[in-house]
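# Structural overview
Each chain, letter by letter, is given below.
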Amino acid sequence: MTAGRFMGQAIARTEDPRLLTGRGRYIADVVVPGASDAAFLRSEVARGTIVGLDTEAARSAPGVRAVFTAADLNPRVHETSLAGLLEAPYPPKYCLAEKDVRFVGDPIAIVVAENRYLAEDAVELIEVDIDPQVPVLDVDAARDRDSDLVHPEVGTNTPMVIPLFDDPELEAAFAQAAHLVRDTVTMHRYVQVPMECRGIIADWNPHDKQLTVWSSTQSVHGVQAFLAGLLGIGTNQIRVLQPDVGGGFGQKTMLMRDEWAVVLAATLLGRPVRWIEDRRENLVAAAHARDEKMDLSMALDGDGTITAIRGEHIENIGAYQTMGSMGSGALVAPFLSNAYKVPKVGYANQAVYTNTCGKAPYRGPFLMYAVGIEQLMDTAARQIGIDPLELRRRNVIRTQDLPYTLPSTLCMDAITPAETLDQAASMIDYDGFRAEQAVARKQGRYLGIGIGLCVEPSAIAFGGLATEAAVVRMDHSGKVTVLLGSSSTGMSVTTTMKQVVAEHLGCAPEDISIVQGDTAATGYGAGTMGSRSAVLYGNAVAAASIELRSKLLDIAADALEAAVEDLDIDDGRVFVRGTATKGMKFAELGQLAYMGHDMLAPGMRPGLEAFHRYKAPPFTFSNACHICTCEVDVDTGRVTILRYVVSEDCGRMINPKVVEGQIFGGVVQGLGGVLYEHMIYDDDGNPLTSTFVDYLLPTACEVPTIEVGHIESPAANPLGVKGMGEGGAIASPAAVVNAVADALTPFGVTVSGSPLGPKQILDMIATAGH
Amino acid sequence: MREMALTLTVNGERFSRTVEVRRTLADFLRDDLCLTGTHLGCEHGVCGACTVLLDGDAVRSCLMFAVQADGAEVTTIEGLSKRDGGLTPIQAAFQAEHGLQCGYCTPGFVVSAHAFLAEHPNPSDEEIREALSGNLCRCTGYQGIIAAVKRAANTGVSS
């Protein structure tokens, strides 16, 4: 597609200069006069009864302003369910652990003190006695009828169940299959790990009954709505501000129980309370992700054409899931066929409580539709004896199949999975690699290649997620301010939205300011998550800019005594096309609109401001194909990624560098998850990976150079954009697992998902008898 | 809690303070001197977000007590760039290569890169990756960061 003057340009980010010079302002940098620091006493037992809790010594420790336990805070919790979520049982509204503890990290008491050092000193003085019980850790055991219950109040460990419906046609497809392929794909537990941990400052003013909250969040309006429910007060009594946020990746979409406690403590004290999470808390007690498995079956005919797929999906959602009780099933079910033409699909899901840290969304929380199916494709290819690239080519949705209606009745249009498959295969020289692989094997070197295709349901838009609003306002000097309900956590929203405004309004990005992350300044918005910013905010901003442009043209046409059709805008100036001198700068139009409004044409309202709330279709599909090559050292179990290519289609690009940055980050989170990151619990429910010494993140030494190819097929929305914040993380795990499995083919090992650390690889090779 | 007097130079300015002996250098810089560009990502010496220059060497300010910096010359991220808002060539390279997204790890990377390029003006790709491996980033997949350090090195700037 042709790039615009600003749209499609890889311009430098306007966020960068202050972030590069130490002038960013994150939650721990926010100074609120008189603020106290909070620290938590957390359970060191996965499941047990609190038989003693003595806070007396802590209360009288130096600098301590308050110690609160469940008895103080839990009765003040009004509502904790979230509007817009599916009906399901919710865990009890325990802000702090009340009679028992339900995971290691469960908050038991909050200490509020003069500073963090003194708060932590006082935590040490709290005496807690817990009678330990055998924790519920295994999802299969947890689903037994006689299992102990994580939340006895809920009455079940499976709060959300999607049953496998009887479907004679599906059964017939499996009965008639020429090839029946089965696999169980696991995704182990890992963590979002934003580089900045969570943090919140709450300031309740008891005199005017107003709460001001600064939150490291992905959604200021979400925080405001939640706190109104929690406290039983009006949203008009709450202002939420978002400072710079050091990454979220889903972990910061909703407030968690410890954050509720900080707000409740502030309301009890009538003075500001600040809590800055430390890394151990973030790894152990914030939220985890993945930890799921899927039993998969695929039926194929004699030509290798897929006729049916079935997936039975189990998710470990821990004790207190940020979404209440929901697993990802509702969003996996419709997309289980991923990028392929599959006539019949069956799906079942169970979300299971365990005595572990709760689950929160993580970049592509519903990714098992791709992670599972893409590994199943390779298993099928090996079983049938077809190359995995060829099997995909036979089944992938092609342009001539569009619009393609899925078995779930959702319709995919404007996607290019076949094109991205071909582009990625060409970029990595697929056939050339196969030849190289054959030579290497003869030399005792084990190389592999893996493909991960995905169609991403980006910009998921239903209920409160379906709309976003933009105000585009020009002041009397011709400068532009844009108000957005977004809460960027590093997604370059400021830069890209300036590009959209500049393109549609006809001024320089330097003359535009973006305001976001403040409920007092912006209209309701769901926030920055779900690959939705480009589609939702982009189209809202574009429409408001076009409306404002139209008003500028009308005012100028009257002032210049010209027809609107003869006018054009460039560089902050409206002018009569074909003339050099007949025109007006935005500043002059601003003066006219705000100061000289008596000179406006009859009926023309003063001021220069446009508002547009954009409603998106339920899904905007983007797609990508990842292919990587690796070498496995079969003596040490070490995997080295040799090359990594991505071909992606996010529609019209606003800024290619920003698009690529999103892909890079997602890919490295995916390969980090498969190869290095692993949140491990022991048999007693103790987390063993509570520091960065044990929980390994990929560094600059482990990551390959990632090569990106772009295919731009515009989406149906006015801007033609698609979301692509999550696709990098959705397609990468299967690509990496498939590459490792391909490398180990000569050993006849069965690779069934992740983790794939050295130990797992050596164990697999040993199990296969080598 | 025991306190000690300390005198040190930070970003060219001399400070004398009395601090608790247990106060980390990172907390001292951030809270006592209000230099909040130094970030805390793990407080156990792995992530590198708190990296500062101590007498020219890159160190983790979360792993040091403030009193250990008595008499030292410290440079934080705030001390690298000019006060008129101009970026150093390394900072400019980070912007040009989109070497940051959320920006939280960025001060640590920028300080580390300054120390590294000062000693290795012509690094190989492997040396760059090795030098940056003490800093963690979760947004960029390191692609833009590696490219930025390479760009800064290729244009012959070490400061």
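Residues numbered from 1 in each chain as written. Chains lettered and ligands numbered in written order. Predicted model: local features only at pLDDT ≥ 70, side-chain atom pairs only at ≥ 80, totals over all residues.

Summing up its helical and strand segments, chain B has five helices and five strands in all. The secondary structure elements of chain B, listed N-terminal to C-terminal, are β-β-α-β-β-β-α-α-α-α. The C-alpha atoms of chain B give 16 Å as radius of gyration, which agrees with the globular expectation for 159 residues (15 Å, within 12%). Counting only C-alpha atoms and orienting by the principal axes, one finds that chain B spans roughly 50 × 30 × 25 Å. (Helix = DSSP H or I, 4+ residues; strand = E, 2+ residues; numbered from the N terminus. Rg over C-alpha atoms; globule rule 2.2 N^0.38 Å.)

The next thing to look at is the overall build of chain A. Check the secondary structure of chain A and you find 20 helices and 28 strands. Taken over the C-alpha trace, chain A has a radius of gyration of 28 Å; the compact-globule value for 770 residues is 27 Å, and the two agree within 12%. When the backbone C-alpha atoms are referred to their principal axes, chain A occupies close to 90 × 70 × 50 Å. Taking all 770 residues of chain A together, 59% fall into the buried category. (Buried ≥ 20, exposed ≤ 12 C-beta atoms within 10 Å, placed from the backbone.)

This next bit is on the sheet that holds strand β11 (residues 238-241) of chain A. Residues and elements named next belong to chain A. Strand order in this open sheet of seven strands is β3-β5-β1-β12-β9-β10-β11, and the pairing throughout is mixed. Single-partner strands in this sheet number two, and they are β3 (64-69) and β11. When strand polarity is set aside, the average angle formed by the axes of neighbouring strands in this sheet is 20°. In this sheet, β11 lies alongside strand β10 (residues 210-215) in parallel orientation, the contact comprising four bridges. Bridge pairing in β11 links Leu211 to Ile238. Helix α8 (residues 257-269) contacts β1 (36-42), β3, β5 (107-113), β9 (199-205), β10 and β12 (273-276) of the sheet and is inclined by roughly 25° relative to β9. (Pairing = 2+ DSSP bridges. Axes fitted to C-alpha atoms, helices over the stretch in contact; angles between N-to-C directions. Contact = placed C-beta atoms within 7 Å.)

This part is about the interface of chain B and chain A. One frequently used descriptor of interface size is the decrease in accessible area upon assembly of the parts. Each partner contributes to the interface: chain B provides 45 residues, whereas chain A provides 42 residues. For the side of chain B that touches chain A, the secondary-structure elements that each account for two or more residues are α2 (89-96), α3 (106-119), α4 (125-132) and α5 (143-154) of chain B. Of the residues belonging to the side of chain B that touches chain A, the class tally is 22 nonpolar, 18 polar and five charged. (Nonpolar A, V, L, I, M, F, W, Y, C, P; charged D, E, K, R; others polar.)

This part is about the nonpolar core. Counting 313 residues, the largest nonpolar core has Val111(A), Val213(A), Ala470(A), Val482(A), Val541(A) and Val740(A) as the members making the most contacts within it. Considering every element that reaches this core, the biggest residue donor is helix α16 (residues 533-560) of chain A, with 14 residues. (Core = buried A, V, L, I, M, F, W, Y, C linked by C-beta atoms within 7 Å.)

For the bond from Leu402(A) to Pro403(A), the omega torsion is -10°, close enough to zero to count as cis. With respect to the helices, strands and loops of the structure, Pro403(A) is situated in the loop between α12 (388-395) and β16 (404-405). Between Ser754(A) and Pro755(A) the backbone carries a cis peptide bond, its omega angle lying at 10°. Looking at the secondary structure, you find Pro755(A) in the loop between α19 (727-743) and α20 (758-767). Although it is not a glycine, Val193(A) adopts a positive phi angle of roughly 50°. Topologically, Val193(A) is positioned in the loop between β8 (179-190) and β9. We note that Asp55(B) has phi near 50°; this positive angle belongs to a residue other than glycine.

Residue and element names in this part refer to chain B. For chain B, the domain assignment lists domain 1 (3-79) and domain 2 (89-154). The gap between the C-alpha centroids of domain 1 and domain 2 is 22 Å. Those elements that provide at least two residues to the side of domain 1 that touches domain 2 are β3 (51-54) and β4 (57-60). Taken together, the residues that form the side of domain 1 that touches domain 2 break down as seven nonpolar, six polar and one charged. (Domains from an automatic or database assignment.)

For the rest of this paragraph, the subject is the domain arrangement of chain A. Residue and element names in this part refer to chain A. Entries for chain A in the domain assignment read domain 1 (16-22 + 462-615), domain 2 (31-133 + 196-286) and domain 3 (289-459 + 619-767). The dominant element in the side of domain 2 that touches domain 3, judged by the number of residues it contributes, is helix α9 (residues 279-286), at five residues. When grouped by side-chain class, the residues that make up the side of domain 2 that touches domain 3 number 16 nonpolar, five polar and five charged.

Below, the discussion takes up the sheet that holds β8(A). Residues and elements named next belong to chain A. Reading across from one edge, β7-β15-β14-β13-β8 is the order of the five strands in this open sheet, with mixed pairing throughout. Since the sheet does not close on itself, it has two edges, and those belong to β7 (160-162) and β8, each with one partner. Between one strand axis and the next, the sheet turns by 10° as a mean value, whatever way the strands run. Sheet analysis places β8 next to strand β13 (residues 289-300), joined by 11 bridges and oriented antiparallel. When the sheet's bridge partners are listed, Val185 is paired in β13 with Met294.

Another aspect to go through is the packing of α2(B) against α3(B). Residue and element names in this part refer to chain B. α3 packs onto α2 with a crossing angle of 125° between their chain directions and a minimal axis gap of 10 Å. Overall, the two elements α2 and α3 adopt an arrangement that is oblique. For the pair α2 and α3, the sense of crossing is right-handed. Residue-level inspection shows Ile90, Gln91 and Phe94 of α2 in contact with α3, the latter providing Val110, Ala113, His114 and Leu117. Class assignment of the residues belonging to the contact of α2 with α3 gives a composition of five nonpolar, two polar and no charged. (Parallel < 35°, antiparallel > 145°, perpendicular 65-115°, else oblique. Left-handed = near helix turned anticlockwise from the far one by under 90°.)

What follows concerns helix α15 (residues 493-506) of chain A. Spanning 14 residues, α15(A) covers 19 Å between terminal C-alpha atoms, matching the ideal 20 Å at 1.5 Å per step. Within α15(A), 14 of the 14 residues are buried, which leaves the element mostly enclosed by the surrounding structure. (Expected span 1.5 Å × (residues − 1).)

All names here are of chain B. One way to put it is that α3 packs onto α5 with a least axis distance of 11 Å and a crossing angle of 35°. α3 and α5 meet at a crossing whose hand is right-handed. Residue-level contacts link Phe109, Ala113 and Leu117 of α3 to Ile145, Val149, Ala152 and Ala153 of α5. For the contact of α3 with α5, a count of residues per class yields seven nonpolar, no polar and no charged.

With that out of the way, let us pick up helix α14 (residues 430-442) of chain A. An α-helical turn contains 3.6 residues, so a residue and the one three or four places further along point in the same direction. End to end, α14(A) covers 19 Å across 13 residues, agreeing with the expected 18 Å (1.5 Å per residue, within 8%). A positive phi of about 80° marks Gly444(A), the residue just after α14(A).

Residue and element names in this part refer to chain A. Following the sequence through the fold, Glu648 ends up in strand β27 (residues 638-649). Looking at Glu648, the number of C-beta atoms within 10 Å reads 30, which means it is buried. A C-alpha to C-alpha distance of 5.9 Å links Glu648 and Asn623, two positions 25 residues apart in sequence. Dropping the residues within four chain positions of it, Glu648 is found in contact with Thr420, Ala624, Ile663, Val708, His710, Met724 and Gly727.

Walk down a regular strand and you will see the side chains alternate between the two sheet faces. All names here are of chain B. Bridge count between strand β1 (residues 3-10) and strand β2 (residues 13-20): eight bridges; the pairing is antiparallel. Across the sheet, Ala5 pairs through a bridge with Thr18, a residue of β2. Counted along the chain from β1 to the antiparallel partner β2, the turn is two residues long, and its residue Asn11 has a positive phi close to 50°.

The subject of this paragraph is the pairing of strand β15 (residues 344-353) of chain A. Residue and element names in this part refer to chain A. The buried fraction of β15 amounts to eight of the 10 residues, a majority that puts the element mostly inside the structure. Where β7 meets β15, three bridges bridge the pair, whose relative direction is antiparallel. Each residue of the ladder has a partner; that of Met160, found in β15, is Ala351. Where strand β14 (residues 306-318) and β15 come together, 10 bridges link them in parallel fashion. Along β15, the bridge assignment pairs Ile309 with Val345.

On to the environment of Val154(A), then. Residues and elements named next belong to chain A. Locating Val154 in the fold gives a position in the loop between α5 (139-142) and β7. Residues Val154 and Pro92, 62 residues apart in the sequence, show an inter-C-alpha distance of 7.7 Å. Among residues more than four places away in sequence, those in contact with Val154 are Pro89, Pro91 and Pro159.

Before going further, it helps to examine the confidence of the model for chain B. Of all residues in chain B, 98% attain a pLDDT of 70 or more, and the chain-wide mean is 96. In the predicted complex, the global pTM is 0.97; the interface-specific ipTM is 0.98. (pLDDT = per-residue confidence, 0-100.)

Attention now moves to the environment of Phe226(A). Tracing the backbone through its elements, the reader meets Phe226(A) in helix α7 (residues 220-231). Considering only alpha carbons, one finds Phe226(A) and Ile663(A), 437 residues apart in sequence, at a separation of 31 Å.

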